[in-house]
Each structure stands twice: as C-alpha cells, then as structure tokens.
Amino acid sequence: MEVSRRTFFKAGLLGGVGLTVFGFDAAPLVAQTQGLKISRTTETRSTCPYCSVSCGVIIHTLGDKAKNVTPQVVHVEGDPDHPINRGTLCPKGSSLQQDIMNERRLTKPQVRRPGSTQWEDIPWDQAIDEIGHLVKKTRDATFIEQDAQGRTVNRCESIGWIGGCTDTNEFNYLAGKAMRSLGVCYLETQARV
C-alpha cells in the first residue's frame, strides 16, 4: 500500500485529535522528546552572526568529550539568559545550524595572490603576519601629516575598517581605538560603540 503525504498528515491529525479526546496529554511526551535530543550534548554559548542585534544562542554539540570523535552540531536555540533576545531567535538565527554544518564553510584563512585566479589555504600565523606587514607598508606609504593649508591632520585615508556584529562591544571599541591610533578615517562597526 502506498501512502501519500496528504494521507499521512490526515492520519496524524486524526490520531492526535483522537488521543486528545480520550484525555491523553501530549505535552510531557513532547518535553521529554526534546530533552532526549540534547541530553548527551555539550552546550556552547555564542552570538548570532547575522545582524547587529547580537542575540545570544546556545549551540548543542555531540561528541565533544569522546576521543577520536568529530563534534557534530545537533541543535541551536536562543539563550534564555541573554538580555537581548531572552531565548527567542528570528528565522535567520533559527537556521544557524545549517550555516554551521555547511560543507562550503571556510575554516581556515585563504589568500589570492596578485595575478592568480585561485585561492590558497594559509596558516593563521602567516595570515596575521601578512596582514600586519601590509597594514604597516600601506600606512607608511600613504600617511598624511599635513593638509594643503599646512594644518596637522595625521590621517591615513588608504585603509578602511569594519567591525562585525559577532564581536563584543568591548572588542569593537578597542579595534576602533587601534584604527584611530593608526590615523584611519574610514571605520565603521555594527556594534553600538
């Protein structure tokens, strides 16, 4: 016998109505099912990366404590203790698990050299060193001490900075201070600094 999707939903709906009519309360069963899903997981608190609201999320991973096991994200939910969202998430935040589990997600720095058409993976230490050297080289080559009228301006108009919403306000505040100390004029952040 072949069961269509419509027939399956009708049978489920009629079964649920029948159980409710006979006094069966499904709320404890649903609560227990949710508890079983995350009973052996490790909770990690994080921040949703999608907008500047910075909602708190709890990411449940399975396999963190076992040897020779790659951790697997099994559930993402809003953090009820977070002062901004108090456990709620928008549709984009609710889909965060698919963002984490995406096989196309980058997990290491990449660089595309001048004239190349390919991206290459590089280690984190090399990426940080290259960024530092390029920032210093650019600032040294383009730093403006005085404007056309001879006024001291001490600015660098060839570097820009944008802070992310998943960074804390404290981090973005310090990044803003660092950019201003370099003389950067073009800086923006999604955080409420």
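The structure under discussion appears in the preceding block.
Residues numbered from 1 in each chain as written. Predicted model: local features only at pLDDT ≥ 70, side-chain atom pairs only at ≥ 80, totals over all residues. Heavy atoms only, no water.

Some details on the overall build of the protein chain
Stage number 1. When you go through the protein chain residue by residue, the secondary structure sums to 6 helices and 8 strands.
Stage number 2. In sequence order, the secondary structure elements of the protein chain are arranged as α-α-β-β-β-α-α-β-β-α-β-β-α-β.
Stage number 3. Burial status across the protein chain gives 19% buried among its 193 residues.
Stage number 4. The long-range share in the protein chain, meaning contacts at least 24 apart out of those at least 6 apart in sequence, stands at 37%.
Stage number 5. Carbon and sulfur atoms form 56% of the exposed surface of the protein chain, whose accessible area is close to 14,700 Å². (Helix = DSSP H or I, 4+ residues; strand = E, 2+ residues; numbered from the N terminus. Buried < 20%, exposed > 50% of the residue type's maximum accessible area, 1.4 Å probe, protein only. Contact = heavy atoms within 4.5 Å. Areas by Shrake-Rupley, 256 points an atom, 1.4 Å probe, with all protein chains shown as cover.)

Points about the layout of surface pockets
Stage number 1. Of the voids in this model, the largest pocket is the one considered here, and its volume is about 230 Å³.
Stage number 2. Of all the elements in the fold, those that place two or more residues in the lining of the largest pocket are strand S4 (110-111) and helix H5 (124-142).
Stage number 3. The biggest single contributor to the lining of the largest pocket is H5, with 7 residues.
Stage number 4. Residue classes in the lining of the largest pocket are distributed as 9 nonpolar, 1 polar and 1 charged. (1 Å grid on protein atoms, 1.4 Å probe; cavity = no way out; pocket = protein on both sides within 12 Å on 5 of 7 lines; lining within 4 Å. Points joined across faces, edges and corners; volume = space filled by probe spheres on them. Nonpolar A, V, L, I, M, F, W, Y, C, P; charged D, E, K, R; others polar.)

Some words on the pattern of salt bridges
Opposite charge on two side chains allows them to pair when their charged atoms are near.
Stage number 1. Tallied over the full model, the rule gives 8 salt bridges.
Stage number 2. Of the charged contacts in the structure, one is a salt bridge between Glu-43 and Arg-45, with a shortest N-O distance of 3.8 Å.
Stage number 3. According to the relative accessible area criterion, Glu-43 is partly exposed, its value standing at 47%.
Stage number 4. A relative accessible area of 48% means that Arg-45 is categorised as partly exposed.
Stage number 5. Salt-bridge contacts for Arg-151 lead to Asp-147; the nearest nitrogen and oxygen are separated by 2.9 Å.
Stage number 6. For Asp-147, a relative accessible area of 17% gives the class buried.
Stage number 7. Salt bridges linked by common partners bring Glu-43, Arg-45, Asp-79 and Asp-81 together as one network. (Salt bridge = Lys/Arg side-chain N within 4 Å of Asp/Glu carboxyl O.)

Focus: the packing of aromatic side chains
Remark: the centre distance and the inter-plane angle together describe each pair of aromatic rings, the angle taken between the planes.
Stage number 1. Within the structure shown, the criterion is met by 0 aromatic pairs.
Stage number 2. When the ring centre of Phe-143 is taken as origin, the NZ or CZ atom of Arg-139, which lies over that ring, is 4.3 Å away. (Phe/Tyr/Trp six-rings, centres within 6.5 Å; stacked < 30°, edge-to-face > 60°. Lys NZ or Arg CZ within 6 Å of the ring centre and 35° of its normal.)

Let's talk about a nonpolar patch on the surface
Stage number 1. Together, Val-3, Phe-8 and Phe-9 make up a nonpolar patch on the protein surface, roughly 330 Å² of accessible area in all.
Stage number 2. Here Val-3 shows up in the segment before helix H1 (5-21). (Patch = residues over 30% accessible without salt bridge, like charges linked within 9 Å, V, L, I, M, F, W, Y side chains within 5 Å.)

Quick notes on the sheet that holds strand S6 (residues 144-146)
Strand pairing in a sheet relies on backbone hydrogen bonds. The paired strands run either parallel or antiparallel.
Stage number 1. The 3 strands lie next to each other as S6-S7-S8, forming an open sheet whose pairing is mixed. If you trace the sheet from one side to the other, it starts and ends with S6 and strand S8 (184-189), each paired once. Within this sheet the neighbouring strands show an average axis-to-axis angle of 30°, counted without direction.
Stage number 2. Note that S6 and strand S7 (residues 152-163) share 2 bridges and pair antiparallel. Following the sheet pairing, Gln-146 is matched in S7 by Thr-152.
Stage number 3. On the sheet, H5 packs against S6 and S7 and is oriented at approximately 150° with respect to S7.
Stage number 4. Docked against the sheet, helix H6 (residues 169-182) engages S7 and S8, running at close to 170° with respect to S8. (Pairing = 2+ DSSP bridges. Axes fitted to C-alpha atoms, helices over the stretch in contact; angles between N-to-C directions.)

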